[in-house]
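Okay, here's what each chain looks like letter by letter:
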Amino acid sequence: MSSGDTSLGSLAATFGLMSLFAIGGANAAVPEIHRVVVDVHHWLTDRQFADAYAIAQLSPGPNVLIVTLIGYQVAGVLGAMVATLSMCGPTAALAYVVSRVLGRSSHSPWPAIIQAALVPLSIGLMTASGLVLAITSDRTLGAALLTALVAVLAGATRLNPLWLLIAGGVLGFAGVV
Amino acid sequence: MPVVGRGPPFYSFAMARDPSAALADDDAPPAPRPELGELFIAFAKMSLAGFGGVLVWARRGIVEKHRWMTADEFNETFALCHFLPGPNIVNLSVVFGSRFRGIPGALAAFTGLLAPPVLIVTALAALYAHYGEIDALRRTLAGVASVAIGLLFAVSFKMLLPLLRKRDPLAIALLIAVFVAIGVLRLPLPMVLSVMVPLSMVSTYLMRRRAS
């Protein structure tokens, strides 16, 4: 763990900038977070990154909190706060301004066009997230099979994701995957 | 994060409410305005209930439980937050809070949504920093990660289905291009988006104009 103003400033700059490109939400930003945090800055190893994703999914709250875990890893409690606020603050301010400008009921066709244009991009990003995480995390055949099985199960049924996550933890603990 | 489900229950609920309420001016929202404390607590509850995503709980809390918005208003607000950059649900908290109580309302909802889970996650991060090397914990988290990745694929697939049903070749091509650029080639996101967003906007606009 490195600490000091340099890493806090670096966390703030990294996540503040990244949030502005996070279309489609936190899960769509996972490949970019991985690229910057693991490949560029070497703040986390592949395994730590996969663990952070797992812990964020197990915790209540928005999916974006994976950056809280990364921030803690880099610079402790202060790092966790700085990373979270940098990832959420600038875009929250932008959302406030845009919603004020657009007003309550705008009849402009542009929001619909922008949305239609961004939906395929954000699905592409989310699928890329799945691939990047699978390459990062699923190191055994059993793990890859578990991912595939859950994808089919969760796609076809309305099982509560939390039970599936717990089942995955139990299987991992038991050494099955 | 799943897209807004536009299921019939929400619409029938919306229609059951006074239709003129939605047309009222800015100072008269359809339900009693939530207080700052109410905003904080409501968003904290939604957030703490939200394992694997808060959107479902936000809809339940705002539309069904508190009736602060109709389903239509909620969908409209969420659509706005979905196309803006940043975590959608965080954007939603700010837009929602400010609509009722201005900037203090935005801060109350934002803090309610983030503060409690951030405290929990920070505690977990501290535990992980101490015990992360224990083999049993590593195996357990690896199992959880495998499942979480499967869940992410399932969500992506559910979002993909409407595009496949519409047989929209343009959208599919854009989707695949982004997937390859980011997932396979691992190009930087700002670079990819600076090409793909304008491309997608222009082609969507042209397609719509040709269709109408």
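Residues numbered from 1 in each chain as written. Chains lettered and ligands numbered in written order. Predicted model: local features only at pLDDT ≥ 70, side-chain atom pairs only at ≥ 80, totals over all residues.

On to the overall build of chain B. In terms of helices and strands, chain B carries 8 helices and 0 strands. Seen in sequence order, chain B has helices and strands lined up from the N terminus as α-α-α-α-α-α-α-α. Put simply, chain B has 212 residues, and 44% of those count as buried. Here the analysis covers contacts within chain B between residues at least 6 apart in sequence; of these, 52% occur between residues at least 24 apart. (Helix = DSSP H or I, 4+ residues; strand = E, 2+ residues; numbered from the N terminus. Buried ≥ 20, exposed ≤ 12 C-beta atoms within 10 Å, placed from the backbone. Contact = placed C-beta atoms within 7 Å.)

Positioned with a positive phi, His42(A) is a non-glycine residue whose angle comes to about 55°. In this structure, His42(A) sits in the loop between helix 2 (30-40) and helix 3 (46-58). The exposure class of His42(A) is exposed, given the 8 C-beta atoms found within 10 Å. Although it is not a glycine, Arg67(B) adopts a positive phi angle of roughly 55°. Its place among the elements puts Arg67(B) in the loop between helix 3 (55-65) and helix 4 (71-83). Among the residues examined, Arg67(B) registers 13 C-beta atoms within 10 Å and is labelled partly exposed.

Moving on to the interface of chain B and chain A. Accessible area lost on assembly of the parts is the figure often given for the size of an interface. Across the contact, 84 residues belong to chain B and 87 residues belong to chain A. With 24 residues, helix 6 (residues 135-166) of chain B is the largest single contributor of residues to the side of chain B that touches chain A.

It is worth spelling out the nonpolar core at this point. Tyr53(A), Ile66(A), Ala148(B) and Val178(B) are the most contacted members of the largest nonpolar core, which totals 123 residues. Residues contacting Tyr53(A), with those up to four places away along its chain left out, are Ile66(A), Leu133(A), Ala145(B) and Ala148(B). (Core = buried A, V, L, I, M, F, W, Y, C linked by C-beta atoms within 7 Å.)

Turning next to helix 7 (residues 161-173) of chain A. Residue and element names in this part refer to chain A. Here helix 7 spans 18 Å end to end across 13 residues, near enough to the 18 Å set by a 1.5 Å rise per residue. Those residues of helix 7 that fall on the buried side of the exposure criterion are Pro-161, Leu-164, Leu-165, Gly-168, Gly-169, Leu-171 and Gly-172. Projected onto a plane normal to the axis of helix 7, the buried residues spread over an arc of 165° and lie on a single side. Following helix 7 by one or two positions, Gly-175 adopts a phi angle in the positive range, close to 80°. (Expected span 1.5 Å × (residues − 1). Arc of directions from axis to C-beta.)

Another point: the UniProt feature "transmembrane region" (unreviewed entry) in chain A. Residue and element names in this part refer to chain A. When the UniProt feature table is mapped onto this chain, "transmembrane region" (unreviewed entry) is found at residues 70-98, 110-135 and 141-159. Annotated as 100% helix and 0% strand, the span residues 110-135 places its first and last C-alpha atoms 38 Å apart. Strand forms 0% of residues 141-159 and helix 84%; the C-alpha atoms that close the span are 24 Å apart. (UniProt positions renumbered as here; feature names shortened; annotations may be inferred.)

With that out of the way, let us pick up helix 1 (residues 5-19) of chain A. Along an α-helix, a turn takes 3.6 residues, which lines up residues three or four apart on a common side. Residues and elements named next belong to chain A. For helix 1, spanning 15 residues, the distance from its first C-alpha to its last is 21 Å, which sits close to the expected 21 Å at 1.5 Å a residue. Buried residues of helix 1: Ser-7, Leu-8, Leu-11, Thr-14, Phe-15, Met-18 and Ser-19, and no others. Looking straight down helix 1, one finds its buried side chains confined to an arc of 135°; they lie on one side. Away from the buried face of helix 1 by more than 90 degrees, exposed residues Asp-5, Thr-6, Gly-9 and Ala-13 are located.

This part is about the packing of helix 2 (residues 36-49) of chain B against helix 5 (residues 88-131) of chain B. Residue and element names in this part refer to chain B. Relative to each other, helix 2 and helix 5 sit at 45°, their axes nearing to 7 Å. Looking at the two axes, helix 2 sits oblique to helix 5. Where helix 2 crosses over helix 5, the handedness of that crossing is right-handed. Contacts from Leu-36, Leu-39, Phe-40, Ile-41, Ala-42, Phe-43, Ala-44, Ser-47 and Leu-48 of helix 2 reach helix 5 at Ser-93, Gly-97, Arg-101, Pro-104, Gly-105, Ala-108, Ala-109, Thr-111, Gly-112, Leu-113, Pro-116 and Pro-117. Taken together, the residues of the contact of helix 2 with helix 5 sort by class into 14 nonpolar, 6 polar and 1 charged. (Axes fitted to C-alpha atoms, helices over the stretch in contact; angles between N-to-C directions. Parallel < 35°, antiparallel > 145°, perpendicular 65-115°, else oblique. Left-handed = near helix turned anticlockwise from the far one by under 90°. Nonpolar A, V, L, I, M, F, W, Y, C, P; charged D, E, K, R; others polar.)

The next subject is the domain arrangement of chain B. By domain assignment, chain B separates into domain 1 (8-118), domain 2 (132-166) and domain 3 (168-212). In this structure, domain 2 of chain B and domain 3 of chain B have C-alpha centres spaced 24 Å apart. (Domains from an automatic or database assignment.)

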